[in-house]
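# Architecture at a glance
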Amino acid sequence: MIDLVLTVCLVSSPEICRKEHLYFESRGSLFQCMILAPSEIAKWSSEHPAVRVVRWTCAFPDKGRRI
């Protein structure tokens, strides 16, 4: 599993931001996540029109975090 971490801000109040975590299966490579991320971000963004993605990164999930 790969954790795609998005920083999203409200369109109506750009100073109000939060982190969103998207988990998806990958071949275990952060590089592969970087290649696949734009399409995942586009899909997620189309389902959440009230927020705008301002930053993103790929990471391995924290061991203690429930997925």
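Criteria and thresholds
- Residues numbered from 1 in each chain as written.
- Predicted model: local features only at pLDDT ≥ 70, side-chain atom pairs only at ≥ 80, totals over all residues.
- Heavy atoms only, no water.
- Disulfide = S-S within 2.5 Å.
- Helix = DSSP H or I, 4+ residues; strand = E, 2+ residues; numbered from the N terminus.
- Buried < 20%, exposed > 50% of the residue type's maximum accessible area, 1.4 Å probe, protein only.
- Patch = residues over 30% accessible without salt bridge, like charges linked within 9 Å, V, L, I, M, F, W, Y side chains within 5 Å.
- Areas by Shrake-Rupley, 256 points an atom, 1.4 Å probe, with all protein chains shown as cover.
- Salt bridge = Lys/Arg side-chain N within 4 Å of Asp/Glu carboxyl O.

According to the stated counting rule, one finds two disulfides in the structure shown. Between Cys-33 and Cys-58 runs a disulfide, and the two sulfur atoms are separated by 2.0 Å. On the sign convention where negative means left-handed, the S-S torsion of about -80° between Cys-33 and Cys-58 marks this disulfide as left-handed. Here Cys-33, found in helix H1 (residues 30-47), pairs with Cys-58, found in strand E3 (residues 51-59); they are 25 residues apart in sequence, far enough to count as distant. Neither residue differs from the other here; Cys-33 and Cys-58 are each classed as buried.

On the surface, a nonpolar cluster with roughly 320 Å² of combined accessible area is contributed by Phe-31, Ile-35 and Leu-36. With respect to the helices, strands and loops of the structure, Phe-31 is situated in helix H1. Here Phe-31 falls in the exposed class, since its relative accessible area comes to 62%.

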